[in-house]
Amino acid sequence: MNRGTLIMLILVLGLGGFYYFYEYSGGKTREHNEKQEKRLFPDATAENMTSLEVTAPDAKTPALVLEKKDGRWVHKGPPDQLVSVMEVGGMANRLVDLQRSEMILEKPKPEELGQFGLDKPAHQLVAKAGGKTYTLLIGAKTPDGESYYVRSAPDGPVVTVPGTFTSILEKSPEALRALRVLPGDMGKMVKVRLIKGGQEGEVTLNVTNREESKDENEEFHFLEGDWSVVKPFQAPADGSKVDRYLNEWNQLRAGRFLKPDEKADFSKPELRLEVWEDKQTNPQILEVGPPVAVQPTMRYVRRLNPEEVAVVDFSKSELLGRTTEFFRDRHLFAIKDVNEVEKLEGKLGDKEFQASRSGDEWTLAKPSPGDKTSQNSALSNFLWEVSEAQSTENAPAGAKAGLEAPRARLTLFKAKGEKVATVLVGAPTPDGKGCYLQLEGKPEVLIASQDYARRWEELLKPLWPGASPSPSASPSP
């Protein structure tokens, strides 16, 4: 390459870099700055908004007053009502993103406001966010009917804004009301306490990671961590069961809310549920009271802070039968990801197997390797199923578990030979469908709803082509 060509190449690259930073990177910055300049409330964000008040066009219609406390939005009554975070969040987003369409008068005189309907505004909107108060006066429609004249009080310019913004003004308290029995963000819930039959249970999330956005408020998108049962016993909790439990409550809807003069007896609630979200001081509280006389599957449910009583249908739910025992993690092997497992060894009947892997490839030490594709597939499928294997309950004392001569034995190892656990599979349960289990080194005898000796035999058949591992005989279901 001669010197002239090299100089031309440098110039081209330099111009390309300049174009990229000016048009792409710089373009984004300019676009952001233009939007900020047009925003009526450039310093406000939906996250730091703490109150929103809409004054109706006539004195007969009460103002809509919404306040945010501890992450929850409440419509100030009387009576106070919990409102949907999604609905109010949408209103807050539309407000903070509101941009002027056209500048009409930068410094209007008092006598000029009448032609825009701003001498006696139809609505007044007052919001508090980040310690500041923002006021917006809404006047008449523009001649084309597409926009509204508005003014930020007390001395803001007269501008126009899109007519779609006024949907905020049309919201009624009933339209905003939180109909979900347990509203809130399921991904941010960190503690659940339930009191049932006089016994208190509690599960908590040990947060190990918060993924946070880059804004100044450090609002996070989701949490990572491990759930644990802390009362009335201490044990790992199954995160999927906790999530399922909370989601079931979240999906329940109030059939109707009782009027202030209607009463229900909550002196002895069947269940009290308290749920904390991350970084919140006070929990959401639910109390399940007596059944509705005309329909026993329906219960009166009281929601506190603010206090509201609703009729809720539990006919398709098992929530009222759940105790803390439900949350116990009954997985036989404590692994979050099958990729953690690098070696497995075990015995089915009189047949032994031992395999290790690197990436997605398995290497057999026992039995002798055969068709690599089918054996590799069998071991991968086997590991996936084993990672989900779990017991359903503890066996009663004196059960004939057959663990002195187990039909199957399985040990999993992580990297560097770290043992996860060893599981022994004993006799089938009396109904022939499940089996007795024991974790080596643990005294408890467990029961599984399926017979793992049979299931593992089926999955690992490709390791012994033409032969059966032959676990000890078990009766047919």
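Reading the values: the criteria
Residues numbered from 1 in each chain as written. Predicted model: local features only at pLDDT ≥ 70, side-chain atom pairs only at ≥ 80, totals over all residues. Heavy atoms only, no water. Helix = DSSP H or I, 4+ residues; strand = E, 2+ residues; numbered from the N terminus. Buried < 20%, exposed > 50% of the residue type's maximum accessible area, 1.4 Å probe, protein only. Contact = heavy atoms within 4.5 Å. Areas by Shrake-Rupley, 256 points an atom, 1.4 Å probe, with all protein chains shown as cover. Pairing = 2+ DSSP bridges. Core = buried A, V, L, I, M, F, W, Y, C linked by side-chain atoms within 4.5 Å. Salt bridge = Lys/Arg side-chain N within 4 Å of Asp/Glu carboxyl O. Phe/Tyr/Trp six-rings, centres within 6.5 Å; stacked < 30°, edge-to-face > 60°. Lys NZ or Arg CZ within 6 Å of the ring centre and 35° of its normal. Expected span 1.5 Å × (residues − 1). Arc of directions from axis to C-beta. Polar contact = N/O pair within 3.5 Å; in protein donor to acceptor, adjacent residues only side chain to side chain. Axes fitted to C-alpha atoms, helices over the stretch in contact; angles between N-to-C directions. Parallel < 35°, antiparallel > 145°, perpendicular 65-115°, else oblique. Nonpolar A, V, L, I, M, F, W, Y, C, P; charged D, E, K, R; others polar. pLDDT = per-residue confidence, 0-100.

J.: Residues and numbers for the overall build of the chain, please.
T.: Helix and strand counts for the chain come out as six helices and 26 strands. Expressed as a percentage of the 477 residues in the chain, the buried residues total 42%. Partitioning the contacts of the chain with sequence separation of at least 6, the portion at a separation of at least 24 is 57%. Surface exposure of the chain reaches about 26,400 Å², of which carbon and sulfur atoms provide 51%.

J.: Can you explain the sheet that holds strand β5 (residues 102-105)? Please cite residues and give values.
T.: Ordered by their spatial adjacency, nine strands build an open sheet running β4-β3-β2-β1-β6-β7-β8-β9-β5, and the pairing between neighbours is antiparallel. Two strands lie at the open edges of the sheet, namely β4 (81-82) and β5, each paired on one side alone. Pairing of strand β1 (residues 49-55) with strand β6 (residues 123-129), which is carried by six bridges, proceeds in the antiparallel orientation. Bridging from a neighbouring strand, L52 pairs with A127 of β6.

J.: Give a description of the nonpolar core that names residues and reports values.
T.: Counting residues in each nonpolar core, the largest one holds 34 residues, and the members touching the most others are V192, Y245, L246, W249, L273, F314 and F327. Listed by contribution, the elements that provide at least two residues to this core are β10 (189-196), β11 (199-212), β12 (220-231), α4 (239-251), β14 (254-257), β15 (271-277), β16 (284-292) and β18 (308-313). With 33 residues, the next largest nonpolar core counts L364, V386, A448 and L459 among its residues.

J.: Could you give me a rundown of unusual backbone geometry, with the residues and numbers involved?
T.: Between P78 and the following residue, P79, the backbone shows a cis peptide bond with an omega angle of -10 degrees. Mapped onto the fold, P79 is located in the loop between β3 (72-75) and β4. Cis peptide bonds are those with omega within 30 degrees of zero, and the linkage from K231 to P232 qualifies with 0 degrees. Structurally, P232 can be placed in the loop between β12 and β13 (235-236). Phi angles above zero are rare outside glycine, and D70 is one such case at about 55 degrees. By the element assignment, D70 lies in the loop between β2 (64-69) and β3. We note that K416 has phi near 60 degrees; this positive angle belongs to a residue other than glycine. With respect to the helices, strands and loops of the structure, K416 is situated in the loop between β23 (408-413) and β24 (419-428).

J.: Give a description of the pattern of salt bridges that names residues and reports values.
T.: Following the criterion strictly, the structure yields 31 salt bridges and no others. A salt bridge links R210 to D278, with the nearest nitrogen and oxygen atoms 2.7 Å apart. Taken together, the residues span a long stretch of sequence, with R210 in strand β11 and D278 in the loop between β15 and β16 at a distance of 68 residues. Using a relative accessible area of 33% as the deciding quantity, one classes R210 as partly exposed. A salt bridge links D451 to R407; the shortest N-O distance between them is 2.9 Å.

J.: Let's hear about the side chain of R330: which residues, and what values?
T.: Along the chain, R330 turns up in the loop between β18 and β19 (343-348). When neighbours within four sequence positions are excluded, R330 is seen to be in contact with E325, A389, Q390, S391, T392, E393, N394 and L446.

J.: Tell me about the packing of aromatic side chains, and name the residues and values.
T.: We describe a pair of aromatic rings using the distance from one ring centre to the other and the angle between the two ring planes. For the coordinates displayed, the defined rule picks out 10 aromatic pairs. Relative to F327, the ring of Y245 has its centre 5.0 Å away and its plane inclined at 85 degrees; by these criteria the two rings are edge-to-face. One end of the pair, Y245, is in helix α4; the other, F327, is in the loop between β18 and β19, and 82 residues separate them in sequence. Taken together, the ring pairs in this structure connect Y245, W249, F314, F326 and F327 into an aromatic cluster. The residue whose ring lies beneath R328 is F233, and the NZ or CZ to ring-centre distance is 4.1 Å.

J.: Which residues make up α4, and what values go with them?
T.: In this model α4 runs 18 Å from its N-terminal to its C-terminal C-alpha over 13 residues, within 8% of the 18 Å that 1.5 Å per residue would give. Along α4, the residues that are buried comprise K241, V242, Y245, L246, W249 and N250.

J.: Could you give an account of helix α6 (residues 452-459), naming the residues involved and the relevant values?
T.: Buried within α6 are the following residues: Y452, A453, W456, E457 and L459. Along the axis of α6, the buried positions cluster into a sector of 165 degrees, meaning they face one direction only. Summarising the contacts, the buried residues of α6 are in contact with β19, α5 (372-388), β23, β24, β25 (435-439) and β26 (446-448). Residue D451 occupies the N-cap position of α6, its side-chain oxygen lying 3.1 Å from the main-chain nitrogen of A453.

J.: So what's going on with the packing of α5 against α6? Residues and values would help.
T.: For the pair α5 and α6, interaxial distance at closest approach is 9 Å and the crossing angle is 155 degrees. As the angle between them shows, α5 and α6 are arranged roughly antiparallel. Contacts from A378, F382, E385 and V386 of α5 reach α6 at R455, W456 and L459. Tallied by class, the residues present in the contact of α5 with α6 amount to five nonpolar, no polar and two charged.

J.: Report on the environment of L403, specifying residues and quantitative values.
T.: Position of L403 relative to the elements: it lies in the loop between β22 (393-394) and β23. For the pair L403 and V425, spaced 22 residues apart in the sequence, the C-alpha separation amounts to 6.9 Å.

J.: Would you mind going over the confidence of the model for the chain in detail, with residue names and values included?
T.: Overall, the prediction assigns the chain a mean pLDDT of 88, with 87% of residues at 70 or greater. The low-confidence segment residues 214-218, where pLDDT is below 50, has six contacts with residues more than four positions distant or belonging to other chains.

J.: Pulling in residues and values, what's your account of the sheet that holds β23?
T.: Taken together, eight strands build an open sheet; the order of strands is β21-β20-β19-β23-β24-β25-β26-β22 and the sheet is antiparallel. What marks the edges here is a single partner per strand, and that holds for β21 (361-366) and β22. The sheet contact formed by β23 and β24 spans six bridges and is antiparallel. Bridged to R409 within β24 is L424.

J.: I'd like a rundown of the pairing of β2, residues and numbers included.
T.: When β1 meets β2, the two strands line up antiparallel, connected through four bridges. By the bridge assignment, E53 is partnered in β2 with V65. In terms of strand pairing, β2 meets β3 through four bridges, oriented antiparallel. By the bridge assignment, L66 is partnered in β3 with H75. Connecting β2 to the antiparallel partner β3 that follows it, the hairpin turn spans two residues, and D70 within it adopts a positive phi of roughly 55 degrees.

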